[in-house]
Amino acid sequence: MTLPPFELHRPSSVAEASELLDRLGDEAAVYCGGTELLLVAKLGFTDFKALVDVKGIPELSGVSANGELLIGGAVTHRELERSELVLSHWPALAAMERHVGNLRVRNTGTIGGNLCFADPHSDPATFLLAVGGRVTLQRGDAPGRRLTIDEFVRGPYLTALEPGELLVSVHVPRLADGVRVAHRKVSFRERPAITVAVRLDVREGVVEEARVAVGSVNVRPVVALSAEEILRGSDVGSLDVAAAGEAAATEVEPVEDLNGSIEYKRQLVRVVTARTLAAAVSQAP
């Protein structure tokens, strides 16, 4: 299917992009990597008459660090998986990005576009939820506002972006010594059927803090608080990963779809959560 005619705008600043979005209103869509937007457009699920291409805005590019990792919203998955800075100091992020979609998607798709599309079957949001990632949203020349991933992703294809706002950057905290991070997923088709990311803050062999994030089985990524409670205060060498997996499976609210029934998805959560925790435990201290 061919796309209907549309205008293409290429702003050079956040302020210019916001002005365009205000002026064009509902007729405009933001375009960055386009891997998601153009797919649904070809299926006839969109009605935009203009695209605002934000890839050329300088504020949305680059990967840098100043205590935390700062990722421009237009940085591609491929850039992240190959970045020496990310590989050296945030290797779990590079590992996760290495398995996003396929090579074509990673070469074109961007971290900001992925988060803004808010597809429930996606890797980055679940990972960032586990490690405490945040996003900065900005409209025009106004100061940006920073939100947690949980605050930003509100539901399937629904985010906290307001009219005229852009996701300008993603922030990943520097993980302290003793923090172990693991990410696992299962895919039956191109998109994941389940994603689990865990973070264990270990000091002197004891899990002081834990975060278990589960995505792709729900309408949006969630944290499994009951599983975290089981892990917190336990000896890292004797974690009851099966009990934590059971707790996560009981707490999440799966949605039945082509990947399976609700109960089948709970079983996926049990197994993948336990295996992801085991992978984190096995990491060298």
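Above: the structure in question.
The structure reproduced in this document is the subject of the present report. The written sequence of each chain sets the order in which its residues are numbered from 1. Per-residue local features are limited, in this predicted model, to residues with pLDDT of at least 70; the limit for side-chain atom pairs, both in listing and counting, is 80 or more; totals at the level of whole chains, interfaces and linings are taken over all residues. Note: side-chain values were computed over all heavy atoms of the structure, leaving out hydrogens and water.

### Structural notes on the overall build of the protein chain
Secondary structure is summarised from DSSP: a helix means a run of H or I of at least four residues, a strand means a run of E of at least two, and numbering begins at the N terminus for each. A count of helical and extended segments in the protein chain gives 12 helices and 14 strands. For a compact globule the rule gives 2.2 Å times the number of residues to the power 0.38, and the radius of gyration it is set against comes from C-alpha atoms. Compactness check: the protein chain gives a C-alpha radius of gyration of 19 Å against a globular reference of 19 Å for 285 residues, within 12% of the reference. Reported as C-alpha extents along the three principal axes, the dimensions of the protein chain are approximately 60 × 45 × 30 Å. Residues classed as buried in the protein chain amount to 48% of the 285 residues present. Note on contacts: a residue pair is in contact if any heavy atoms of the two residues lie within 4.5 Å. Here the analysis covers contacts within the protein chain between residues at least 6 apart in sequence; of these, 61% occur between residues at least 24 apart. Taken as a whole, the protein chain presents about 13,300 Å² of accessible surface, with 52% of it coming from carbon and sulfur. None of His or the chain ends enter the tally, which takes Lys and Arg as positive and Asp and Glu as negative. Here the site of a charge means atom NZ of a Lys, CZ of an Arg, CG of an Asp or CD of a Glu. Taking the 30 positively charged and 38 negatively charged side chains of the protein chain as two groups, their mean positions are separated by 4 Å. Each residue is assigned to one of three classes by its accessible area relative to the maximum for its type, calculated with a 1.4 Å probe on protein chains only: buried under 20%, partly exposed between the two thresholds, exposed over 50%. Here, Shrake-Rupley sampling with a 1.4 Å probe gives the accessible areas, and only protein chains in the shown set may cover a residue.

### Looking at the sheet that holds strand β14 (residues 222-223)
Note on pairing: DSSP must find at least two bridges between two strands before they are called paired. The sheet built from 4 strands is open, its strands ordered β11-β12-β13-β14 with antiparallel pairing. Of all strands in the sheet, those with a lone pairing partner are β11 (179-187) and β14, marking the two edges. Note: β11 against strand β12 (residues 192-203), 9 bridges, orientation antiparallel. Residue pairing for β12: Val-179 is matched across the bridge by Asp-201. In this description, a line fitted to the C-alpha atoms serves as the axis of each element, helices being fitted only across the stretch in contact, and the angle between N-to-C directions of two axes falls anywhere from 0 to 180 degrees. Strands in contact with helix α8 (residues 124-131) are β11, β12, β13 (206-215) and β14; relative to β12, the strand with the most contacts, it is inclined by about 15 degrees.

### Quick look at the pairing of β13
Here β12 runs beside β13; their pairing, made up of 9 bridges, is antiparallel. In the sheet register, Val-202 faces β13, and the bridge partner there is Val-207. Between the antiparallel neighbours β12 and β13 lie 2 residues, among them Glu-204 with a positive phi of about 50 degrees. Examined bridge by bridge, β13 and β14 share 2 bridges and lie antiparallel to one another. Residue pairing in the sheet places Val-214 in a bridge with Val-222 of β14. Hairpin remark: β13 followed by β14, antiparallel, with 6 residues in the connecting loop; positive phi at Ser-216, about 75 degrees.

### A closer look at the nonpolar core
The set of buried Ala, Val, Leu, Ile, Met, Phe, Trp, Tyr and Cys residues whose side-chain atoms join them within 4.5 Å is what this entry labels a nonpolar core. Counting 32 residues, the largest nonpolar core has Ile-71, Leu-93, Leu-115, Val-135 and Phe-152 as its most contacted members. Counting residues per element, the ones that place at least two in this core are β5 (68-72), α5 (91-97), α7 (111-117), α8, β6 (134-139), α9 (149-152) and β10 (165-172). Setting aside residues no more than four positions away along its own chain, Phe-152 makes contact with Leu-115, Cys-116, Val-135, Leu-137, Leu-147, Leu-158, Thr-159, Ala-160, Leu-161 and Leu-167. One finds Ala-193, Ala-210, Val-212 and Leu-239 within the second-largest nonpolar core, a separate group that totals 28 residues.

### Things to note about the pairing of β6
Regular strands show a simple pattern: their side chains alternate between the two faces of the sheet. Summarising the sheet, β6 and strand β7 (residues 145-148) pair through 4 bridges and their orientation is antiparallel. For Arg-134, the partnering residue across the bridge sits in β7 and is Thr-148. Connecting β6 to the antiparallel partner β7 that follows it, the hairpin turn spans 5 residues, and Gly-140 within it adopts a positive phi of roughly 60 degrees. Strand direction decides the pairing type here: β6 and β10, joined by 6 bridges, are antiparallel. Bridging across to β10, Gln-138 finds its partner in Leu-166.

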